[in-house]
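Structural characterization, general
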Amino acid sequence: MKSKRIFNISIIIAIYVVLCLVLEPISFGVIQFRISEILCLLAIEFPYAIIANTIGCLLSNLLFGGLGIVDAVFGSAATLLGCLLAYLLRNKRYKNLPILSCLSIVLTNGIIVGIELGFITNNINMIPITILQITLSEFIVIMLIGLPMYNKLIKTVKNNLK
């Protein structure tokens, strides 16, 4: 792997982890607004961002999440799957925006993390509500905050992380 690619992956991981640390009160829990998830949008254009976001999520959940290895594994798996699907759907666009890619991130995280949190918190009966809460918070972060700045984010990365 080229050293430039390793550098780019490291930068994304670092930003993901720092955002989770700085915004810890809103980054974890049943209702979470994990702003670092906006970085998952990079996976649409840059395949190396798939692994970067996955590692960033894993480290953040291990270091700050407080719910242990199960959360780290399943949360990271959700990020991996969401980013991978986002990349695979990258050419399906509406008005030049990757709506389906963004929705794949929202739905994989909402479903997987929602189920996982239901089990971890021993609220199995609440899993449908937990899925809804995580999906809604992910929708707000990805679709309402991240998507409007998508083109600027991609352009910035292309200009700075070549």
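The structure displayed is predicted, hence computed values, not measured ones.

Here's the deal with the overall build of the protein chain
Within the protein chain, the secondary structure is distributed over 7 helices and 0 strands. Secondary structure elements of the protein chain, listed N to C terminal, follow the sequence α-α-α-α-α-α-α. With the principal axes as the frame, the protein chain shows a C-alpha extent of 45 × 35 × 25 Å. Expressed as a percentage of the 162 residues in the protein chain, the buried residues total 44%. Within the protein chain, residue pairs in contact and separated by at least 24 positions form 70% of the contacts whose partners lie at least 6 positions apart. In the form shown here, the protein chain has an accessible surface area of approximately 8,300 Å², with 71% of it arising from carbon and sulfur atoms. The average position of the 12 basic charges and that of the 6 acidic charges among the side chains of the protein chain differ by 20 Å.

Section: the packing of helix H3 (residues 48–65) against helix H4 (residues 68–88)
Contact pair H3 / H4: the axes reach a minimum separation of 8 Å and the direction vectors enclose 160°. The angle between the axes of H3 and H4 places the two elements in the roughly antiparallel class. Regarding H3 and H4, the two cross each other, and that crossing is right-handed. Facing H3, whose interface residues are Ile50, Asn53, Thr54, Cys57, Leu58, Asn61 and Leu62, H4 presents Ile69, Asp71, Ala72, Gly75, Ser76, Thr79, Leu80, Cys83, Leu84 and Tyr87. A class-by-class count of the residues in the contact of H3 with H4 yields 10 nonpolar, 6 polar and 1 charged.

Here we look at helix H7 (residues 150–160)
Within the span of H7, buried status applies to Tyr150, Leu153, Ile154 and Val157. The buried residues of H7 occupy an angular sector of 95° when the element is viewed end-on, so they sit on one face. Exposed and facing more than 90 degrees away from the buried side of H7 are Lys152, Lys155 and Asn160. Tucked into the core, H7 has its buried residues touching H3 and helix H6 (127–146).

Some details on the packing of aromatic side chains
Evaluation of the coordinates by the stated rule reveals 1 aromatic pair. With 5.7 Å between their ring centres and 35° between their planes, Phe46 and Tyr48 make a pair best called tilted. Residue Phe46 is classed as buried on the basis of its relative accessible area, which comes to 11%. You can call Tyr48 buried: its relative accessible area is 9%.

Comments concerning the pattern of salt bridges
One pass over the full model with this rule turns up 1 salt bridge. The residue Glu45 makes a salt bridge to Arg93 at a minimum N-O spacing of 2.6 Å. Taken together, the residues span a long stretch of sequence, with Glu45 in the loop between helix H2 (24–27) and H3 and Arg93 in the loop between H4 and helix H5 (99–120) at a distance of 48 residues. Overall, Arg93 belongs to the partly exposed group, its relative accessible area being 31%.

What counts and what doesn't
Here the residue index of a chain counts from 1 through its sequence in written order. Only residues with pLDDT of 70 or above have their local features reported here, since the model is predicted, and side-chain atom pairs are shown and tallied only from 80 upward, although totals for entire chains, interfaces and linings are computed over all residues. As a rule here, side-chain values cover all heavy atoms of the structure and leave hydrogens and water aside. Counting from the N terminus, the helices are the DSSP runs of H or I reaching at least four residues and the strands are the DSSP runs of E reaching at least two. Partly exposed residues are those whose accessible area sits between 20% and 50% of the maximum for their type, while under 20% is buried and over 50% is exposed, using a 1.4 Å probe and protein chains only. Two residues qualify as a contact provided that any one of their heavy atoms is within 4.5 Å of a heavy atom in the partner residue. Residue burial considers only the protein chains on display, and all accessible areas are found by Shrake-Rupley using a 1.4 Å probe. Note on charges: Lys and Arg go in the positive column, Asp and Glu in the negative column, and His and the chain ends are not counted at all. Every charge is mapped to an atom, namely NZ of Lys, CZ of Arg, CG of Asp or CD of Glu. Interaxial angle, 0 to 180 degrees, is taken between N-to-C directions of lines fitted to C-alpha atoms, where a helix line uses only the stretch in contact. We call two directions roughly parallel when the angle between them is under 35 degrees, roughly antiparallel when it is over 145, roughly perpendicular when it lies between 65 and 115, and oblique otherwise. For a crossing to be left-handed, the near helix must be turned anticlockwise from the far one by less than a right angle; the clockwise case is right-handed. Note on residue categories: nonpolar means Ala, Val, Leu, Ile, Met, Phe, Trp, Tyr, Cys or Pro, charged means Asp, Glu, Lys or Arg, and polar means any other residue, Gly included. Starting at the helix axis, one direction is taken to each C-beta atom, and the arc is that of these directions. Any Phe, Tyr or Trp ring, taking Trp's six-membered ring, that has another such ring centre within 6.5 Å forms a pair; planes under 30 degrees apart are called stacked, those over 60 apart edge-to-face, and the others tilted. Salt bridges, as used here, are contacts in which a Lys or Arg side-chain nitrogen is within 4 Å of a carboxyl oxygen on Asp or Glu.

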